[in-house]
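Descriptive structure summary
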Amino acid sequence: MEVTGSSGRHRAVAAGSGGAVKRRSVDVGTGGSIRSLGTDLLCIVFALLDHFDLIRCSVVCKSWNNLIYTSSLMRDLYNKRNPHIKCASIKSDMLETSMKIYLEEIAMEEHKLSFLRGSVKVDQWSGHHARVNVCRMKRGLILTGVGDKVLRLWSAESCNYLDEYVSPEMNQLVDYDFDENKIVGLTSDRICIWRRHGQRGIFQSCKGIFTRGLCMRYIDPEAVIGCEDGRVRVFDMYSGRCSRIIRMHSGPVTCLTLTDDQLVIGGSTFGNIAIADLSSGKRMGSVKSCFSPTGLKCFSFNMHSYSVFAGSTSGYAHCWDLRTLRPVWETRVSPNVIYTVHHLSNDTSMLAVGGIDGVLRILNQSTGEILSSLVINATKGVPLSFKNSHEVVQKKVTRLQDTTCLDIIPRYLRPPITCLAVGMNKIITTHNEKFIRAWRFHMNN
């Protein structure tokens, strides 16, 4: 969004859909800033934006947030969409809450429609010197790694390289996650923590304090590690001490997820999940897939619907209700292994699924129905698997019909999707290759 005036140019830069917003103060004439713009001028600019862009602008700063949610501009937009509600009769704090919910619902609806019917393009770039198979995305940032002992940070909007973090003693990473302050990584026998800001430092736990870690999640100040011996070990990330050991399965813990109410959910190679209280270590229950044998490869937990989604070695996607410990649906969406499932944190409609067959699928979270299946188009010129200097190459995408036979699509067009991360109107994928892909969905006008 740009506003140009006689005294200079002001620009508010927002990251891509669902991404973090970059805050920048730009001089106006002499000694001014973006704050020099008056309320009336800002309202004129905001009135030109749709609801989706208004949400992005609302997180730029506190003053913009207050203006967007409490101004007559927002009341007018709200009344047009909800004529049956009379804003004058609603208290201001109730109106602000209602409009926030309304804007979030509009954004989620556009996110859903873009996944279902929007145009799709893929930005692909070579991100590592060796093959990588894990990606995470938060606040407009992408972190990729696992495979080459180096984690790299990228902009989700521009795909630009931002920073990198090297595994100590060149130990190969197994899993990782990050937030705005730190990166927490797991090697097979220790935890590593990198500070993202200020003086660069790294903390390492003592070597050999757990048996071959396979997966990890964390909620400050604790990291939870799923191990080959069927136990999860809970560590204080700052003292490095193991505070609890919880027996989850008789076989390896292959995937983990944590809930906000201190539950740890672990999946096993035998197709069942166990739920335990993170604070006490007490087992709360377990559920098993109706399709056996099947090993669980990945988890995604939706805190709004209290649903746990999983992908399995037999090509099934699963959904369980954590409140009743009952399956909601189990659908075979692929003939082969499902490596990864994910959804936008506050979305209860769309679930992205990827696996060994290389097809990116969008599922209905409520029913398990396949809503869309996507693969890269065949294009001449730049090879699909390599491009130097992180240069971004755009790829076209095909939405497959239900009757499409996968065997007629060349394998080089659908390399295995080893991990995916869903953001607003975008999905990031890794493929156990050197390249990374950003699938961008746009609503057609």
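Only a predicted model underlies this, so the values are computations on that prediction, with no experimental measurement involved. (Residues numbered from 1 in each chain as written. Predicted model: local features only at pLDDT ≥ 70, side-chain atom pairs only at ≥ 80, totals over all residues. Heavy atoms only, no water.)

So, on to the pattern of salt bridges. For the coordinates displayed, the defined rule picks out 14 salt bridges. Arg139 is paired through a salt bridge with Glu180; the nearest N and O atoms lie 4.0 Å apart. Here the residue Arg139 occupies a position in the loop between strand E4 (134-138) and strand E5 (141-145), and Glu180 occupies one in the loop between strand E8 (173-178) and strand E9 (182-187), the gap between them amounting to 41 residues. Asp357 is the partner of Arg361 in a salt bridge, and the nearest nitrogen-oxygen pair spans 2.9 Å. Taking relative accessible area as the criterion, Asp357 reaches 2% and is therefore assigned buried. Connected through salt bridges with shared partners, the residues Arg136, Asp175 and Arg217 form a single ionic network. (Salt bridge = Lys/Arg side-chain N within 4 Å of Asp/Glu carboxyl O. Helix = DSSP H or I, 4+ residues; strand = E, 2+ residues; numbered from the N terminus. Buried < 20%, exposed > 50% of the residue type's maximum accessible area, 1.4 Å probe, protein only.)

Moving on, we come to the sheet that holds strand E12 (residues 213-219). Pairing is antiparallel in the open sheet, where four strands are placed in the order E12-E13-E14-E15. Lying at the two open borders of the sheet, with one neighbouring strand each, are E12 and strand E15 (242-247). Strand-to-strand, the axes of this sheet are offset by a mean angle of 20°, without reference to chain direction. With five bridges joining them, strand E14 (residues 231-236) and E15 adopt antiparallel strand pairing. Residue pairing across strands places Arg231 opposite Arg247, the latter belonging to E15. (Pairing = 2+ DSSP bridges. Axes fitted to C-alpha atoms, helices over the stretch in contact; angles between N-to-C directions.)

Another aspect to go through is the confidence of the model for the chain. Confidence in the prediction of the chain, expressed as mean pLDDT, is 82, and 79% of residues score 70 or more. Contacts of residues 1-31 to residues separated by more than four positions or lying in other chains number 64 contacts, the stretch itself having pLDDT below 50. Residue range residues 87-91 is modelled with pLDDT below 50. Its contacts to residues more than four positions away, or to other chains, number six contacts. (pLDDT = per-residue confidence, 0-100. Contact = heavy atoms within 4.5 Å.)

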